[in-house]
Amino acid sequence: MQTVTTLPELWANRKAFSGTVGLVPTMGFLHAGHLSLVRQAKAECDHVVVSIFVNPTQFGPSEDLDAYPRDLPHDLALLEEAGVDLVWTPTPEVMYPQGFQTWVEVEEVTRPLEGGMRPGHFRGVTTIVAKLFTGVQPDKAFFGQKDAQQVVVIKQMTRDLNFPIKIVVCPIRREPDGLAMSSRNTYLDPAQREAATVLSRSLIAARTAFESGERDADKLCAIVAEMITAEPLAELQYVSCAHPQTLTELETVDEDGALLSMAVYVGKTRLIDNFLLGGTE
Ligand code: AMP
């Protein structure tokens, strides 16, 4: 496994690959969710490149950029064991050299949900992912359903900018008690960690109602909201029942299905989770 930082090093290593290349973009502090993306990439591609970059432009001024957990030696050991060919760990100076002034902005699908709560977040995400794509030039790129809106936004950008890259979406990996794996789970103290299971429990309750025939979007959201509100350590920021492709809020779930998603504060830690209900995906 090679680890590179600069663009010339990246390009030299990329050129040496023959066959298909899969890219797994990450912010590091890797867990089994990230490694499931790596495994999928290994299964589908001849070579796997993982990028590790805590992208400053996708963090808001009051967000956790400086505190974001980092452990590069451990990440590299995990990736080596997983059989990754190349790890790209650019610095902020490599990605945003002095005088940088070009941004990638996706419009409609970035406005609701996470985009509504985190102004500028997706502008940072699409700009960095576009730069990862042009740097690595992969055939396929692997993203987690954990960040459901990110998947919709990246697919839109890939179509709109004609990147010849297939976007592969991998299922959410969870802890045994249902909590979606996240680098941010490390911020939770034991009581908060226990309380955090309310996210997946509330989604299961809403899915059970959906499976029993409930199609009213407000009612599905209310099931989630009531359970989150009943947990003293949790504070609901939003719950949404939206069309899975356009992300517009639904009144009634039809044959396209729905993305039921939420953001919840547990203490100062902001957690997100979602289920896809019905539909074809
Ligand atoms: P991050 O390092 O948080 O930017 O995540 C890098 C990639 O891993 C993104 O595509 C995430 O959606 C994905 N990911 C993060 N957590 C999980 C999880 N629990 N299950 C599956 N994919 C995940």
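Residues numbered from 1 in each chain as written. Predicted model: local features only at pLDDT ≥ 70, side-chain atom pairs only at ≥ 80, totals over all residues. Heavy atoms only, no water.

## Describing the domain arrangement of the protein
Piece 1. Assigned domains of the protein: these are domain 1 (2-170) and domain 2 (183-274).
Piece 2. On the domain 2 side, the residues contacting the 21 residues of domain 1 number 18 residues.
Piece 3. Each partner contributes to the roughly 1600 Å² buried at the junction of domain 1 and domain 2, and carbon and sulfur atoms together form 56% of this total.
Piece 4. Broken down residue by residue, the surface that domain 1 buries against domain 2 is led by Leu113, Glu114 and Met117, which jointly contribute 33%. (Domains from an automatic or database assignment. Contact = heavy atoms within 4.5 Å. Buried area = accessible area lost by both parts, 1.4 Å probe.)

## Considerations on the pattern of salt bridges
Opposite charge on two side chains lets them pair, provided their charged atoms get close.
Piece 1. Tallying each qualifying case throughout the model produces 8 salt bridges.
Piece 2. Put simply, Arg111 and Glu108 hold a salt bridge, and the shortest N to O gap is 3.9 Å. Accessibility assignment for this pair places Arg111 and Glu108 in one class, exposed. (Salt bridge = Lys/Arg side-chain N within 4 Å of Asp/Glu carboxyl O. Buried < 20%, exposed > 50% of the residue type's maximum accessible area, 1.4 Å probe, protein only.)

## Digging into the sheet that holds strand 9 (residues 269-277)
Piece 1. Ordered in space as 7-8-9, the 3 strands form an open sheet in which the pairing is antiparallel. Two strands close off the open sheet at either side, each with one partner strand: strand 7 (234-242) and strand 9. Neighbour-to-neighbour, the strand axes of this sheet turn through a mean angle of 15 degrees, independent of strand direction.
Piece 2. Examined bridge by bridge, strand 7 and strand 8 (residues 258-266) share 8 bridges and lie antiparallel to one another. Note that in strand 8 the partner of Leu236 across the bridge is Val264.
Piece 3. Along the sheet, helix 9 (residues 198-211) contacts strand 7, strand 8 and strand 9; its crossing angle with strand 9, the most-contacted strand, is approximately 20 degrees.
Piece 4. The strands that helix 10 (residues 217-229) touches are strand 7, strand 8 and strand 9; relative to strand 7, the one it contacts most, it runs at about 165 degrees. (Pairing = 2+ DSSP bridges. Helix = DSSP H or I, 4+ residues; strand = E, 2+ residues; numbered from the N terminus. Axes fitted to C-alpha atoms, helices over the stretch in contact; angles between N-to-C directions.)

## A closer look at the packing of helix 9 against helix 10
Piece 1. Taken N-terminus to C-terminus, the directions of helix 9 and helix 10 make an angle of 150 degrees; their axes are 9 Å apart at the nearest point. Comparing their axes, helix 10 and helix 9 come out roughly antiparallel. Crossing hand, helix 9 versus helix 10: right-handed. Contacts from Val198, Leu199, Arg201, Ser202, Ala205, Ala206, Ala209 and Phe210 in helix 9 reach Leu220, Ile223, Val224, Met227 and Ile228 in helix 10.
Piece 2. Here the residues of the contact of helix 9 with helix 10 are counted per class, giving 11 nonpolar, 1 polar and 1 charged. (Parallel < 35°, antiparallel > 145°, perpendicular 65-115°, else oblique. Left-handed = near helix turned anticlockwise from the far one by under 90°. Nonpolar A, V, L, I, M, F, W, Y, C, P; charged D, E, K, R; others polar.)

## Section: the site of the ligand
Piece 1. Around the ligand lies a shell of 17 residues, among which Met27, His34, Asp147, Arg173 and Met181 are the nearest.
Piece 2. The side chain of His34 places a nitrogen or oxygen atom 2.9 Å from an oxygen atom of the ligand.
Piece 3. At 2.9 Å from a nitrogen atom of the ligand is found a main-chain nitrogen or oxygen belonging to Met181.
Piece 4. Contact with the protein chains removes 92% of the 480 Å² of surface that the ligand exposes when unbound. (Near = heavy atom within 4 Å. Polar contact = N/O pair within 3.5 Å; in protein donor to acceptor, adjacent residues only side chain to side chain. Areas by Shrake-Rupley, 256 points an atom, 1.4 Å probe, with all protein chains shown as cover.)

## Some words on the environment of Gly278
Piece 1. Relative to the assigned elements, Gly278 resides in the segment after strand 9.
Piece 2. A C-alpha to C-alpha distance of 15 Å links Gly278 and Leu247, two positions 31 residues apart in sequence.
Piece 3. If sequence neighbours within four positions are ignored, Gly278 has contacts with Phe210 and Gly257.

## Digging into helix 6 (residues 121-136)
Piece 1. A rise of 1.5 Å per residue sets the reference length of helix 6, with its 16 residues, at 22 Å; its end C-alpha atoms lie 22 Å apart and thus fit the reference within 8%.
Piece 2. Just past helix 6, the residue Gln137 takes up positive phi, approximately 50 degrees. (Expected span 1.5 Å × (residues − 1).)

## Points about the packing of helix 6 against helix 7 (residues 148-160)
Piece 1. Close contact between helix 6 and helix 7 brings their axes to 11 Å; oriented N to C, the two are set at 55 degrees. Classed by the angle they form, the pair helix 6 and helix 7 counts as oblique. Every pair of crossing elements has a handedness; the one defined by helix 6 and helix 7 is right-handed. Every residue of helix 7 that contacts helix 6 at Phe122, Val125, Thr126, Val129, Ala130 and Phe133 is listed here: Gln149, Gln150, Val153, Ile154, Met157 and Thr158.
Piece 2. Split into classes, the residues belonging to the contact of helix 6 with helix 7 amount to 8 nonpolar, 4 polar and no charged.

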